[in-house]
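Single-letter residue listing:
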2 protein chains.
Amino acid sequence: MKKSEATRLTILQKAFELIYVKGYQTTSIDDILATTQVTKGAFYYHFKNKDEMGLAIISEILKPTMEIAFISPLQSLENPLVVIYDMMHHLLLENPFLKPEFGCPASNLIQEMTPWNTDFNNALNELTHQWEEHLIESLERGKQSGFVRKDVNARQVTLMVMSSYWGIRNLGKLDLGNDTYLPYLKELKSYLNSLH
Amino acid sequence: MKKSEATRLTILQKAFELIYVKGYQTTSIDDILATTQVTKGAFYYHFKNKDEMGLAIISEILKPTMEIAFISPLQSLENPLVVIYDMMHHLLLENPFLKPEFGCPASNLIQEMTPWNTDFNNALNELTHQWEEHLIESLERGKQSGFVRKDVNARQVTLMVMSSYWGIRNLGKLDLGNDTYLPYLKELKSYLNSLH
DNA sequence: TGTAAAAAATACTAAGCAGTATCTTTATGA
DNA sequence: TCATAAAGATACTGCTTAGTATTTTTTACA
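(A) Spatial organisation of the overall build of chain A. Scanning chain A from N- to C-terminus turns up nine helices and zero strands. Moving toward the C terminus, one meets the helices and strands of chain A in the order α-α-α-α-α-α-α-α-α. Over its C-alpha atoms, taken along the principal directions, chain A stretches across nearly 60 × 35 × 35 Å. Sequence separation of 24 or more characterises 70% of the internal contacts of chain A that already satisfy a separation of 6 or more. Surface summary for chain A: the accessible area is close to 8,600 Å², and the carbon and sulfur share equals 55%. One finds the centroid of the 19 positive side-chain charges in chain A at a distance of 2 Å from the centroid of its 23 negative side-chain charges.

(B) Fine view of the domain arrangement of chain A. Residues and elements named next belong to chain A. Taken domain by domain, chain A holds domain 1 (1-47) and domain 2 (51-193). Between domain 1 and domain 2, the C-alpha centre-to-centre distance is 27 Å. With 18 residues of domain 1 in contact, the opposing surface of domain 2 contributes 21 residues. Taken together, the two surfaces of domain 1 and domain 2 that pack against each other cover about 1,600 Å², and 74% of this comes from carbon and sulfur. Counting the surface domain 1 buries against domain 2, the share from its top three residues, Phe-16, Tyr-20 and Tyr-24, is 51%. Seen at the junction of domain 1 and domain 2, the total is one salt bridge.

(C) Just the protein's contact with DNA strand C, in detail. Near DNA strand C lie 15 residues; those nearest to it are Ile-29 and Lys-40 of chain A together with Thr-39, Tyr-45 and His-46 of chain B. At a separation of 3.4 Å, a phosphate oxygen of DNA strand C approaches a polar side-chain atom of Ser-28 of chain A. Listing elements by their share of the surface near DNA strand C, those giving two or more residues are α3 (40-46) of chain A together with α1 (3-22) and α3 (40-46) of chain B. In terms of residue count, α3 of chain B provides more of the surface near DNA strand C than any other element does, five residues in total. Taken together, the residues of the surface near DNA strand C sort by class into four nonpolar, eight polar and three charged.

The rules behind each value
Residues numbered from 1 in each chain as written. Chains lettered and ligands numbered in written order. Predicted model: local features only at pLDDT ≥ 70, side-chain atom pairs only at ≥ 80, totals over all residues. Heavy atoms only, no water. Helix = DSSP H or I, 4+ residues; strand = E, 2+ residues; numbered from the N terminus. Contact = heavy atoms within 4.5 Å. Areas by Shrake-Rupley, 256 points an atom, 1.4 Å probe, with all protein chains shown as cover. Lys, Arg positive; Asp, Glu negative; His and termini not counted. Charge placed at Lys NZ, Arg CZ, Asp CG, Glu CD. Domains from an automatic or database assignment. Buried area = accessible area lost by both parts, 1.4 Å probe. Salt bridge = Lys/Arg side-chain N within 4 Å of Asp/Glu carboxyl O. Near = heavy atom within 4 Å. Polar contact = N/O pair within 3.5 Å; in protein donor to acceptor, adjacent residues only side chain to side chain. Nonpolar A, V, L, I, M, F, W, Y, C, P; charged D, E, K, R; others polar.

What follows is the structure, encoded as structure tokens:
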């Protein structure tokens, strides 16, 4: 990798972590420069402004990351009810990057940016719809394979799964840790079982 | 009401609306002064600093508001599964103050403030636990009255209800309006029905 | 009505912010 | 190797921010 590409990438990665922890608006460019050891000249060589960097983070860091953790498991042909539960379990309890106190990066950005910035809205909307579509597809496949009852509405279930995940990440910020996640996961399991 | 109490209250109310729309950190004191027509001297007469105002908003505006919309319906002795569904329906579709593009005030504050400000964390934690406790109580009563299956875990269901509500408010920010809320509500209804 | 405190107005400070202008260094290819 | 552009460094600007200091007005009540 060329050196300039490397600095661009470290900016994106470190800024992503800072934004995940502190929020987008309260993460200043000077914060990013301080933690990356990059100078302002270099920063503004690579990005026209802060928002352009933010959008690059979504498309070049957040999107690929989400594809690995939120979408690729859904490609499996196993029972989607099990696949979905295992994915949630992994995201909440095992994923080493995601921390209860900081919630979910995508959900945080939606909360913070979406009402005011249409570019962020569009980028995050695309991301979300991708997850939604794959969840629906996986449930529909599950209906064909007999894992899921035929009368189940895949989009409705998808909305319940997505919303409860983002909600529990929010709730988990309050009294951190597993006293929130574990009973949630138990209920998610029995909800998913009820769809068989 | 004394005039000074009135200015204090308008500060709290208008600031609450601004924060609901723009977020806490990005709502400046000058913003608040501009919309309330109050001067800085008056503001700092009533509040030691911005955070003290924020905490006053939680305890004096947000808490009473939530008690009306999120808790008092749960006092009913009717079928809690119906009561809960109707409450959600009202919150998402009929409540005149809450707008899809701005999400839920409490959830927004949790997302934004909780990882960094322990005072906000405590205040919002109390608020949330109050809602949680009343939901649990109402479901337990429903178990006694035969509205809810005895093997249902009230706390688990409560976490599913709360998290999915906050999550759908987040999701609803993306493609505003009812194409998200309506199918969510349908699924919520069938989930709640499955608890009978 | 006079006076003391409550309430509010005004002007300011110091720090932080995104972004710019200008300069220096490093890489690249003829 | 040398000219040219890419990449990065430094110093600055103009603006916004939370909060303070000081003064003025309003209120309450003896």
